[in-house]
Amino acid sequence: EDFPLMAEQSSPRWSAALGAWIDVVQVGESEDAFFLSARSRTPNSKRLLEFLVNLRLHLLRAFGKKVDLNVTCHSLASGEFVVNFAPVACLQRISVPKGEGCMGLDFDFQNPETGERVTQHTLPCALVDCSHGKGNVLAASDEFWRVALEGR
């Protein structure tokens, strides 16, 4: 698999109504660090798409602009597809004294729900995404680049 995290499983359960294996995969220590996985041979089925759209609407109504969603679909060697639906916090850019921010600058990013700032954590990279159909990793240094690719 090109993206092993995308194929992670926890306790998948078959939903005949959706024609998919549905799973909630914990990816961090916080209770809100998870993604929903739907594994199906027909990820574009009307019922599965309606389920995902309604889940999105429910989360947006519940959390408003405090949450964003990352939804991706990946093909698997088995002929199935996995749709991952991950809620993510919308970080806010904040001003901080010069030298205390990201890469020593005068700004940081804060999670409005938890109050945590990016610089409070040793993150190996500032960005991991697949917005262009390929993996992108934005690392702040050669050491962080190595950690992002090889792990700690």
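A brief structural summary.

How each quantity is defined
- Residues numbered from 1 in each chain as written.
- Predicted model: local features only at pLDDT ≥ 70, side-chain atom pairs only at ≥ 80, totals over all residues.
- Heavy atoms only, no water.
- Salt bridge = Lys/Arg side-chain N within 4 Å of Asp/Glu carboxyl O.
- Helix = DSSP H or I, 4+ residues; strand = E, 2+ residues; numbered from the N terminus.
- Buried < 20%, exposed > 50% of the residue type's maximum accessible area, 1.4 Å probe, protein only.
- Contact = heavy atoms within 4.5 Å.

Here the structure, examined in full by the defined rule, presents two salt bridges. Between K46 and E50 there is a salt bridge, with the nearest N and O atoms lying 4.0 Å from each other. Of this pair, K46 and E50 both sit in helix 1 (residues 46–63), four residues apart, which is roughly one turn of that helix. Accessibility expressed as a relative area gives 63% for K46, which makes it exposed. Taking the relative accessible area as the measure of exposure, E50 reaches 40% and is therefore partly exposed. We note a salt bridge from R117 to D108, for which the minimum N-O separation is 2.8 Å. Residue classification places D108 among the buried positions, given a relative accessible area of 0%.

Attention now moves to the environment of F81. Looking at where F81 falls in the secondary structure, it is placed in strand 5 (residues 81–89). Overall, F81 belongs to the partly exposed group, its relative accessible area being 29%. Each C-alpha atom, one on F81 and one on R39, is 5.6 Å from the other, the two residues being 42 residues apart in sequence. Beyond its immediate chain neighbours, meaning those up to four positions away, F81 contacts A38, R39, S40, R41, P43, C73, H74 and S75.

These values are about where atoms sit, not about what they do.
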